[in-house]
Amino acid sequence: MGTVTTDDGTTIFYKDWGPRDGRPIVFHHGWPLSADDWDNQMLFFLAHGYRVIAHDRRGHGRSSQSATGHDMDTYAADVIALTDALELRDACHIGHSTGGGEVARYVARAKPGRVAKAVLVGAVPPVMVKSESNPGGLPIEIFDAFRDALAANRAQFYIDVPSGPFYGFNRPGANVSQGLIDNWWRQGMMGAANAHYECIKAFSETDFTEDLKQIGVPVLVCHGTDDQVVPYEDSAPLTAELLKNGILKTYEGLPHGMLSTHPDTLNRDILAFLEA
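Every value quoted in this text rests on a predicted model; they were computed, and no experiment measured them. (Residues numbered from 1 in each chain as written. Predicted model: local features only at pLDDT ≥ 70, side-chain atom pairs only at ≥ 80, totals over all residues. Heavy atoms only, no water.)

Caption draft 1: View of unusual backbone geometry. A cis amide bond links Trp31 to the next residue, Pro32, at an omega of -10 degrees. When you line up the elements, Pro32 lands in the loop between β3 (24-28) and α1 (39-47). Residues Pro125 and Pro126 are joined by a peptide bond in cis, for which omega reads 0 degrees. Mapped onto the elements of the fold, Pro126 is located in the loop between β6 (115-121) and α4 (140-163). In this model, Glu87 sits at a positive phi of 55 degrees, which is unusual for a non-glycine residue. Its location among the elements puts Glu87 in the loop between α2 (72-86) and β5 (91-96). Its identity as a non-glycine residue notwithstanding, Ser97 has a phi of 55 degrees, on the positive side. As for its placement among the helices and strands, Ser97 is situated in the loop between β5 and α3 (98-109). (Helix = DSSP H or I, 4+ residues; strand = E, 2+ residues; numbered from the N terminus.)

Caption draft 2: Region of interest: the sheet that holds β6. The eight strands lie next to each other as β1-β2-β4-β3-β5-β6-β7-β8, forming an open sheet whose pairing is mixed. Sheet topology places β1 (2-5) and β8 (246-251) at the edges, where each strand pairs with a single neighbour. For this sheet the average axis-to-axis angle between neighbouring strands, irrespective of direction, equals 20 degrees. Seen against the sheet, α3 touches β3, β4 (51-55), β5 and β6 and runs at an angle of roughly 145 degrees to β5. (Pairing = 2+ DSSP bridges. Axes fitted to C-alpha atoms, helices over the stretch in contact; angles between N-to-C directions. Contact = heavy atoms within 4.5 Å.)

Caption draft 3: Region of interest: the environment of Tyr167. By the element assignment, Tyr167 lies in the loop between α4 and α5 (178-190). Between the C-alpha atom of Tyr167 and that of Met1, which follows or precedes it by 166 residues, the distance is 28 Å. Among all residues touching Tyr167, those that are not within four sequence positions of it are Asp37, Pro162, Leu180, Trp184, Pro255, Gly257, Ser260 and Thr261.

Caption draft 4: Molecular detail of the packing of α4 against α5. The N-to-C vectors of α4 and α5 enclose an angle of 140 degrees; their axes lie 9 Å apart at closest approach. One way to sum up the angle between α4 and α5 is to call them oblique. Relative to α5, α4 is oriented so that their crossing is right-handed. The segment α4 lies against α5, with Arg154, Ala155, Tyr158, Ile159, Val161, Pro162 and Ser163 engaging Ile181, Trp184, Trp185, Gly188 and Met189. Looking at the contact of α4 with α5 residue by residue, the class counts come to nine nonpolar, two polar and one charged. (Parallel < 35°, antiparallel > 145°, perpendicular 65-115°, else oblique. Left-handed = near helix turned anticlockwise from the far one by under 90°. Nonpolar A, V, L, I, M, F, W, Y, C, P; charged D, E, K, R; others polar.)

Caption draft 5: Structural view of α5. Spanning 13 residues, α5 covers 18 Å between terminal C-alpha atoms, matching the ideal 18 Å at 1.5 Å per step. Taken together, the buried positions of α5 are occupied by Leu180, Ile181, Trp184, Gln187 and Gly188. Looking down the long axis of α5, one finds its buried residues gathered within 135 degrees of arc, a one-sided arrangement. Contacts from the buried residues of α5 go to α4, α6 (193-205) and α9 (258-261). (Expected span 1.5 Å × (residues − 1). Buried < 20%, exposed > 50% of the residue type's maximum accessible area, 1.4 Å probe, protein only. Arc of directions from axis to C-beta.)

Take a look at the structure:
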């Protein structure tokens, strides 16, 4: 574990496990979580000989609670600072939800040789919010409600989200895990309220269309059809179409947080993609 300091003085916390000469995988977490959300995957790929790295986005987890920079351009710049410091080459970048947007923006701007492959899991691209150019998106009022709930009672909001739509625990017959709910709350409350508040705009309103078009490396796009946070139809199929070398993997009935509810399924498919 270590830290990298960015040009604006923000400290980015990261984990770095495994052999230095192992193939690197960089994990990018969702909102409002931390690198800890990838613990299962990091242990899995570590056991398969990979070097696994995960960072806390600025304002999240153990990274600095910065006053500024809560936008996708800065998030990508922070990843550039991290990958430069670690001198990573031919890495696979895997992003969930907001982290998927971060991956798209970073990979589109990465230096030659830095990235070999990418994986987007329940990711926000191409763009979430509804507009004339994105009629299938979610109304801005939904994201305004997120901001209102966060500002009013962040602690309760961070119980309600994982207890309901994030993991699909609001579905009849769902196998509810109190541990996942508590861990989601723990990770969320570690971060800064201002960063989480501003990140809602970053993940919902950023348009990644041009980023996706620029990416030339193979990209695996994984998405559950019962994703109640990032609806499937307005995300994964559109993303795969925009990519030069995109592979769409659809998971019938799986929720937004499938990396935690169905890790064995996701890990197996990502490993096959990496080793193909």
